[in-house]
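# A closer look at the structure
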Amino acid sequence: MGNVKTSRAGKRAAQAPAAIDPSAGLLGAVPFACAMFDAGGVLIAGNARYREEFGALPEHASRDALLALLQGDSGDSEGPREVLAPHSGRWYALHWGRAEHAAAPVEVLTAVDISERIETLDSHKNRQEKLLFTSRLMSVGEMAATLAHELNQPLAAIMNYLNGSLRLVEQAGGPVQVERALQAARTQAEHAAAVISRVREFVRAREPRRDAHELSRIADTVLELLRLEAERLQLRIDLGLPTNLAPVFADRVMIEQVLLNLVKNAIEAMREIPAARRELRIDARMNLDDQVEVRVSDRGAGLSPAEQDQLFSPFFTTKTDGLGIGLAICRSIIEYHEGRLFFEPREGGGSVFGFTLPRYEART
Ligand SMILES: Nc1ncnc2c1ncn2[C@@H]1O[C@H](COP(=O)(O)OP(=O)(O)O)[C@@H](O)[C@H]1O
Ligand SMILES: [Mg+2]
């Protein structure tokens, strides 16, 4: 507002409507809350809007008290500020200007209500975030579908070659080592095919179906899939799943997918450490927000701060054989369920990856 001379104008407007404090003069013509304070910070005059919008506050008569209330302790009165008025929940752009009134310096406060603009911005931001989230979910889904499709063809070919070779070896009556190796390779290929068909099944299920599910049943399915791998690594898996845990409101296949990913990552994180230290835990409990919280803990190398930053970005991987989409898919799925996927370092070394899910009862 700068150095506006209000003294003369103030006198001229002194014959303004009686409802307005005569010394407010010009202030009565301002279409938003406006007030004048003397050099000591005491209120001299305020227009009707000012009294309507701030009059209820004991602080409205003192510049410093009002500032402390609206701007916190920042105290800086230079330039416009966007503040939230705690008594009304409305947003204001505050501006302080210096002027002269009755030959004395005064400070003029204008408070323009900008709540509508702030609300529009907020809802716009919400919409943007939702859009971003659904597009992430879709691109991850599409990526998984493409991958599953692309991998299916070479896998089928591998199976055919293996079966053919096995027949030839059988006909020739050995050598037995080759026969065993071929059988082992076929078992692995079958396993890979099973994983891929699960991914396809999961991606095809466009419409997720949420229902009541026991976490321990979900964990059983996942552990069954990973049993072989755990045995091969001589890895112990301990379970801490209370039998009386509330059922979750979730799409079963999707949550299996998440748990499978987290447990697989945990197993992979312990490939390089001595067998005696390979210890994996799956725990579940109710958290303070009354949600079911699941935690997968390993004794791997953990994560550096830089790795933690990128953890959930698609294609972030530190593995030579990694795709880096596991955690990105997990996060999309858990967010879709209104839950949270998180990482924290494990006490005594290693990582904890966890997620939350709403209880079934809380949803119906
Ligand atoms: N339990 C874990 N311990 C240590 N690092 C992990 C763990 N889980 C995930 N990570 C890190 O996050 C990266 C991304 O994981 P993910 O999205 O599942 O992709 P991928 O397993 O294909 O690499 C991994 O490459 C690894 O660096
Ligand atoms: Mg992974």
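Above: the structure in question.
A few points on the structure. What you see is a predicted model; the values in this text were computed from it and never measured.

### Some words on empty space enclosed by the protein
Applying the stated criterion to the full structure yields one cavity of 30 Å³ or more. Of the voids in this model, the largest cavity is the one considered here, and its volume is about 50 Å³. Lining the largest cavity are His 213, Glu 214, Leu 215, Ser 216, Leu 241, Pro 242, Thr 243, Leu 245, Ala 246 and Pro 247. Of the residues contributing to the lining of the largest cavity, the split by class is six nonpolar, three polar and one charged.

### Focus: the environment of Gly 324
When you line up the elements, Gly 324 lands in the loop between helix H8 (305-310) and helix H9 (326-336). Non-local contacts of Gly 324, meaning those with residues more than four positions away in its chain, are made with Ser 313, Pro 314, Phe 315, Phe 316 and Thr 317.

### Focus: the pairing of strand E11 (residues 292-297)
Of all six residues in E11, six are buried; the element is thus mostly enclosed. Sheet analysis places strand E10 (residues 279-286) next to E11, joined by six bridges and oriented antiparallel. The partner of Arg 281 across the bridge, within E11, is Ser 297. Hairpin connection, E10 to E11: the antiparallel pair is bridged by five residues, and Asp 290 has positive phi, about 65 degrees. Pairing between E11 and strand E13 (residues 351-357): six bridges, direction antiparallel. Each bridged residue has a counterpart across the sheet, and for Ser 297 the counterpart in E13 is Val 352.

### Description of helix H3 (residues 63-71)
Three or more residues of H3 are buried, namely Arg 63, Leu 66, Leu 67, Leu 70 and Gln 71. Around the axis of H3, the buried residues are gathered within 100 degrees of arc, so they sit on the same side.

### Brief notes about the nonpolar core
Considering soluble globular proteins, one finds that nonpolar side chains tend to be buried as a cluster. Core analysis: the largest hydrophobic core is formed by 55 residues, its most contacted members being Ile 255, Leu 259, Leu 262, Val 263, Leu 280, Val 294 and Phe 355. The element contributing the most residues to this core is helix H7 (residues 252-269), with nine residues. Both domains that meet at this core, namely domain 2 (129-206) and domain 3 (209-364), each give it at least three residues. Every residue in contact with Leu 259, bar those within four places of it in the chain, is listed here: Ile 218, Ala 219, Val 222, Val 294, Val 296 and Phe 355. If you look at the next biggest cluster of nonpolar residues, it comprises 16 residues, including Leu 67, Leu 70, Val 83 and Trp 96.

### Some details on the pairing of strand E3 (residues 43-46)
Inspection of the sheet shows strand E2 (residues 33-38) paired to E3 by three bridges, in the antiparallel sense. Each residue of the ladder has a partner; that of Phe 37, found in E3, is Leu 43. Taken together, E2 and the strand that follows it, E3, pair antiparallel across an intervening segment of four residues, in which Gly 41 is found at a positive phi of about 85 degrees.

Calculation rules
- Residues numbered from 1 in each chain as written.
- Chains lettered and ligands numbered in written order.
- Predicted model: local features only at pLDDT ≥ 70, side-chain atom pairs only at ≥ 80, totals over all residues.
- Heavy atoms only, no water.
- 1 Å grid on protein atoms, 1.4 Å probe; cavity = no way out; pocket = protein on both sides within 12 Å on 5 of 7 lines; lining within 4 Å.
- Points joined across faces, edges and corners; volume = space filled by probe spheres on them.
- Nonpolar A, V, L, I, M, F, W, Y, C, P; charged D, E, K, R; others polar.
- Helix = DSSP H or I, 4+ residues; strand = E, 2+ residues; numbered from the N terminus.
- Contact = heavy atoms within 4.5 Å.
- Buried < 20%, exposed > 50% of the residue type's maximum accessible area, 1.4 Å probe, protein only.
- Pairing = 2+ DSSP bridges.
- Arc of directions from axis to C-beta.
- Core = buried A, V, L, I, M, F, W, Y, C linked by side-chain atoms within 4.5 Å.
- Domains from an automatic or database assignment.

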